[in-house]
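As a plain string of letters, each chain reads:
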Amino acid sequence: MHPISPLFFYCLAILINAISLPAQTTLKLDYPNGKEVFKKGTNVMIAWSGIPLTDTVEIDYSLNGIVWQNITNTAVGGKYQWYVPNISTETCVLRVRQPGDKSQAGTMLHALPLGSSRFDTHCSATTVAWSPDTSLVAVGTECDSVKVWHTTSGTLAYIVAGHNSAYPVTTWSPDGRLLAEIDTYGRPVIWDGTTGTMVHTLPYSGDTKKIVISSDRSLISRYVSGSVEIWNGRTGRYMHSIGASDMRAVSPDGSLLLTTNNRYLRIYETATSRLYHSTEEEKDFLYCEWSADGRSFATSTDRRTIKIWDAATRQLTRTVVLEAALEQIAKIDWSPDGSRFATLGAEKNIVLWDAGTGKHLHTFPQSEIWLAPLFMEWSPDGSRIASTNDTLARVWDATTGDTLLTVKGHRIAPFRKAIWNTEGTAVGFNDTHRSVHIYDIASGKPLYTITLDIPSGVGIDDFSWSPNGAFIATSDRDSVRIWNATNGQSIYVLDDRGITQLGWSPDSKWLSTAN
């Protein structure tokens, strides 16, 4: 029997309905409130208010709002733990009523999706790739196939047979119209992303490490040991090769290639193989970071020099050389609008630069003691920067350089990541103990702390804010948990062990997990 894939995807489709109540009824259902999704087979705490805690209530649920199933007739104390039934639906109605209340609607009507959509491959998954619009997900398996699923319905769209699970390469074109994978003979195969019809098969010329399809689907870049091969995406014909020891980066539209060859950094035009730049001396290639708009990119071949390039003209626009007083570069991070970039110091500081002029704007010291910054994250509008090191989490004003928020941690539970909500109004910091700390940026005050009921010393491996701002997902050694991002209350717990990476779909309806 093949092992069951550990990858699960959960729909977060919400429907809320409210029914007006008779004036004499004060009973109010507090939780759930219509913004939740519950996994079947888990326990959910139902809460109500507005009546004495000693008063008894009746709790029912319905799949259609007409036929009701009783949960209990004797609930007291303002809360009741409900075991979610083994049913998958998106039209569940929950009601709480006082004895003698015969209204069909009860106190409040909520539609709460029960269960989950699971893309069951019946064998271990090796790769997962979302289509750009998240309508499809491709799962490469050890059963020599790629299964492509509709994410809204959970139904199988098509199966690509003959997949080679030894090559973890499954790639969509930027518009989602092509899907690339490796067959059992090691050959890259290009498929129609909608129908699953084969479009091209490229011949085997070595183990394929990477495949990139240009935004207009006219070029296919394929890296094999020692070279990058360029193929015509429309005809499937070979065009040319570029000698390289690695394909280090590709522009978002696929028109530029950055390669290394014996430690020389080289920049090529993909369609013509024209060489635009090569380092004049042998240096270790450290970083290439594209701006969010794809118009510029930064490269570094030593820890004190950054070069800024114009992607359209292929010209070097600015060279930034760090002063001796500033420490060596560990990371480059662009602002959302591409006008600035920050360098994460290898020792102590975060330094902010103007991408157009190369001017040094601000230095954000991480600590009075010698602790390197571990993580930094721009706010969505680029107005602030959040950072963490072992003992401090901070938020900075990216325009003035002022410190807006400082949160002190502890060496026993050092901070790790910093994540913003979509609006940039709140930020979360997780530590290696058991907590995620959520802060309001305007007031600088804590909103709430998510603390996991797990053994001391077992930390949070990852956490992620959903794009719509409604949910926070956390992963630890034994589970994945979904939380209400408004109040920090637990929504449900998934028995998904060893998960170290979480990823939301752009519409916040799906969560992918991987280890």
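Everything here concerns the structure above.
Everything in this summary refers to the structure shown in the same document. Quick caveat: nothing in here was measured; it's all calculated off a predicted structure. (Residues numbered from 1 in each chain as written. Predicted model: local features only at pLDDT ≥ 70, side-chain atom pairs only at ≥ 80, totals over all residues. Heavy atoms only, no water.)

What follows concerns the overall build of the protein chain. Looking only at helices and strands, the protein chain features zero helices and 46 strands. Within the span of the protein chain, comprising 515 residues, buried residues form 52% of the whole. Considering only intrachain contacts with a sequence separation of at least 6, the fraction spanning at least 24 residues in the protein chain is 41%. Of the accessible surface of the protein chain, which amounts to about 22,500 Å², a share of 49% is contributed by carbon and sulfur atoms. (Helix = DSSP H or I, 4+ residues; strand = E, 2+ residues; numbered from the N terminus. Buried < 20%, exposed > 50% of the residue type's maximum accessible area, 1.4 Å probe, protein only. Contact = heavy atoms within 4.5 Å. Areas by Shrake-Rupley, 256 points an atom, 1.4 Å probe, with all protein chains shown as cover.)

Turning our attention to the sheet that holds strand E17 (residues 208-213). Here we have four strands laid out as an open sheet, ordered E17-E18-E19-E20, and antiparallel in their pairing. Both outer strands of the open sheet, E17 and strand E20 (238-243), are each paired with one neighbouring strand and no more. Each neighbouring strand pair of the sheet contributes to a mean axis angle of 20°, computed without reference to strand direction. Pairing geometry for strand E19 (residues 227-232) and E20, over five bridges, is antiparallel. The residue bridging Ser227 from the neighbouring strand is Gly243, located in E20. (Pairing = 2+ DSSP bridges. Axes fitted to C-alpha atoms, helices over the stretch in contact; angles between N-to-C directions.)

On to the environment of Ser227, then. Among the secondary structure elements, Ser227 is positioned in strand E19. Taking the C-alpha atoms as reference points, Ser227 and Gly206, separated by 21 residues in sequence, lie 9.9 Å from one another. Discounting chain neighbours no more than four positions away, the residues touching Ser227 are Arg222, Ile242, Gly243 and Ala244.

The antiparallel open sheet is built from four strands, whose spatial order is E41-E42-E43-E44. The open sheet is flanked by strand E41 (462-465) and strand E44 (490-494), the only strands paired with a single partner. With strand direction ignored, the average angle separating the axes of adjacent strands in the sheet is 15°. Bridge analysis of strand E43 (residues 480-484) against E44 gives four bridges, and the strand direction is antiparallel. Bridging across to E44, Val480 finds its partner in Leu494.

Given two aromatic rings, their pairing is described by the distance between the two centres and the angle made by the two planes. Tallying each qualifying case throughout the model produces nine aromatic pairs. Between the aromatic rings of Trp231 and Tyr238, the centroid separation amounts to 5.4 Å while the plane-to-plane angle is 75°, which identifies the pairing as edge-to-face. Through a chain of ring-to-ring contacts, three or more aromatic side chains come together here, namely Trp290, Phe297 and Trp309. Between the NZ or CZ atom of Arg95 and the centre of the ring of Trp68, over which it lies, the distance is 3.7 Å. (Phe/Tyr/Trp six-rings, centres within 6.5 Å; stacked < 30°, edge-to-face > 60°. Lys NZ or Arg CZ within 6 Å of the ring centre and 35° of its normal.)

The subject of this paragraph is the pairing of strand E28 (residues 315-321). As paired strands, strand E27 (residues 305-310) and E28 are joined by six bridges and run antiparallel to one another. Residue pairing in the sheet places Thr305 in a bridge with Val321 of E28. The loop that links E27 with its antiparallel partner E28 comprises four residues; one of these, Arg314, has a positive phi angle of about 65°.

Here the focus is the pattern of salt bridges. In the structure shown here, the tally under the stated rule is 10 salt bridges. We note a salt bridge from Asp60 to Arg95, for which the minimum N-O separation is 3.0 Å. Taken together, the residues span a long stretch of sequence, with Asp60 in strand E4 (residues 57-62) and Arg95 in strand E7 (residues 93-97) at a distance of 35 residues. Neither residue differs from the other here; Asp60 and Arg95 are each classed as buried. In this structure, the salt-bridge partner of Asp476 is Arg481, at a minimum N-O distance of 3.3 Å. In terms of burial, Asp476 and Arg481 fall into one category: buried. Several salt bridges share partner residues, and in doing so they unite Glu58, Asp60, Arg95 and Arg97 into one network. (Salt bridge = Lys/Arg side-chain N within 4 Å of Asp/Glu carboxyl O.)

Moving on to the environment of Leu502. Inspection of the secondary structure assignment puts Leu502 in strand E45 (residues 501-504). A relative accessible area of 13% places Leu502 in the buried class. If sequence neighbours within four positions are ignored, Leu502 has contacts with Asp462, Phe463, Ser464, Ala473, Thr474, Ser475, Val480, Leu511, Ser512 and Thr513.

Grouped together as the largest cluster of nonpolar side chains are 28 residues, with contacts concentrated most on Ile46, Trp48, Val57, Ile59 and Val96. Once residues lying within four places of it in the same chain are set aside, the contact partners of Ile59 are Ile46, Trp48, Asn70, Ile71, Thr72, Ala75, Tyr80, Leu94, Arg95 and Val96. (Core = buried A, V, L, I, M, F, W, Y, C linked by side-chain atoms within 4.5 Å.)

Position of Lys417 among the secondary structure elements: in strand E37 (residues 415-420). The spacing of Lys417 and Thr388 is 29 residues in sequence and 6.7 Å in space, taken between C-alpha atoms. In this view, Lys417 contacts Phe375, Thr388, Gly428, Phe429, Asn430, Asp462 and Phe463; residues no more than four positions away in its chain are not counted. From its side chain, Lys417 meets the backbone oxygen of Phe463 in a polar contact 3.5 Å long. (Polar contact = N/O pair within 3.5 Å; in protein donor to acceptor, adjacent residues only side chain to side chain.)

None of this, on its own, says anything about what the molecule does.
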